[in-house]
Amino acid sequence: MQDSFYEQFVGAHESTSYKVVKIIMRVSIVFAILYLFSGVILGVMGLILSVLCAIIYFSMIMLKRKIYIDYEYDFTNGEIDIVSIGDKIKRKKIIGFDIKNVELLAPKDSDEIKSVSNKPDRVLKCYPKETNEKIYTAILTGGVSRAQIEFVPNKEFLNLCFQKNPRAVKKDFFR
């Protein structure tokens, strides 16, 4: 039996909010340094302002990781792992599942998805907010957790899913 491995990277775009956060970061670190050096003139007040600007800077770092999120879909012999990558630095596994536990994989707004009764309540959106790609929904009913997984697989990823679970994957919807 031939091993099948495929990795798809889905990159985010720099939104306006992301750009604003980056500007706030730059301004706050500059002021933190200025207030730190002017602490001699301003005394304790300069040090307090420097600390406040540093707090703003580090808060923006955390916010940046939440705003700018890339995704990676890994397919290894039917096992799918979906990972989020915050600000190109912090990786976090969102979910891992076997394609054989997927009841249905079709476009998000298709009649097939709409007609599924007893959909899982848990919905995982695993794609950048600004995507222009076609969004697919996988209804995961078997295995450890029930979930609806929304993601943007490309044609090759969908073909691999179809090879492992042809009944669940609606191949006629491929782009």
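Up top you'll find the structure we're talking about.
Keep in mind that this is a model prediction, so the values were computed, not measured.

Here is what the cut-offs are and how they apply
- Residues numbered from 1 in each chain as written.
- Predicted model: local features only at pLDDT ≥ 70, side-chain atom pairs only at ≥ 80, totals over all residues.
- Heavy atoms only, no water.
- Pairing = 2+ DSSP bridges.
- Helix = DSSP H or I, 4+ residues; strand = E, 2+ residues; numbered from the N terminus.
- Axes fitted to C-alpha atoms, helices over the stretch in contact; angles between N-to-C directions.
- Contact = heavy atoms within 4.5 Å.
- Salt bridge = Lys/Arg side-chain N within 4 Å of Asp/Glu carboxyl O.
- Buried < 20%, exposed > 50% of the residue type's maximum accessible area, 1.4 Å probe, protein only.

1. Quick notes on the sheet that holds strand β4 (residues 90-98)
- An order of β1-β2-β3-β4 is seen for the four strands of this open sheet, with the pairing classed as antiparallel. Each edge of the open sheet carries a strand with a single partner, namely β1 (5-10) and β4. If you compare each strand with its neighbour and ignore which way they point, the axes differ by 15° on average.
- With six bridges joining them, β1 and strand β2 (residues 69-76) adopt antiparallel strand pairing. Its bridge partner being in β2, Y6 is matched across the sheet by F75.
- Across the face of the sheet, helix α5 (residues 155-164) comes into contact with β1, β2 and β3 (79-86) while running at roughly 35° to β2.

2. A word on the sheet that holds strand β8 (residues 147-151)
- Across the sheet, four strands lie side by side as β5-β7-β8-β6; this open sheet has mixed pairing. Looking at which strands have only one partner, the edges of the open sheet turn out to be β5 (102-107) and β6 (123-125). Going across the sheet, the axis of each strand differs from the next one's by a mean of 15°, ignoring polarity.
- By the bridge criterion, five bridges tie strand β7 (residues 136-140) to β8 in an arrangement that is antiparallel. Among the inter-strand pairings, L140 is bridged to a residue of β8, identified as A147.

3. Comments concerning the pattern of salt bridges
- For the structure shown, the criterion picks out five salt bridges.
- Taking the shortest distance from any N to any O, the salt bridge between K22 and E14 comes out at 3.5 Å.
- Taking the relative accessible area as the measure of exposure, E14 reaches 36% and is therefore partly exposed.
- Linking E72 and R91 is a salt bridge whose minimum nitrogen-to-oxygen distance equals 2.8 Å. Of this pair, E72 sits in strand β2 while R91 sits in strand β4, placing them 19 residues apart in sequence.
- A relative accessible area of 9% means that E72 is categorised as buried.

4. Notes on the environment of L52
- Considering the arrangement of structural elements, one finds L52 in helix α3 (residues 44-67).
- Owing to a relative accessible area of 45%, L52 belongs among the partly exposed residues under this scheme.
- Measuring from C-alpha to C-alpha, the distance between L52 and S28 comes to 8.8 Å, with 24 residues separating the pair along the chain.

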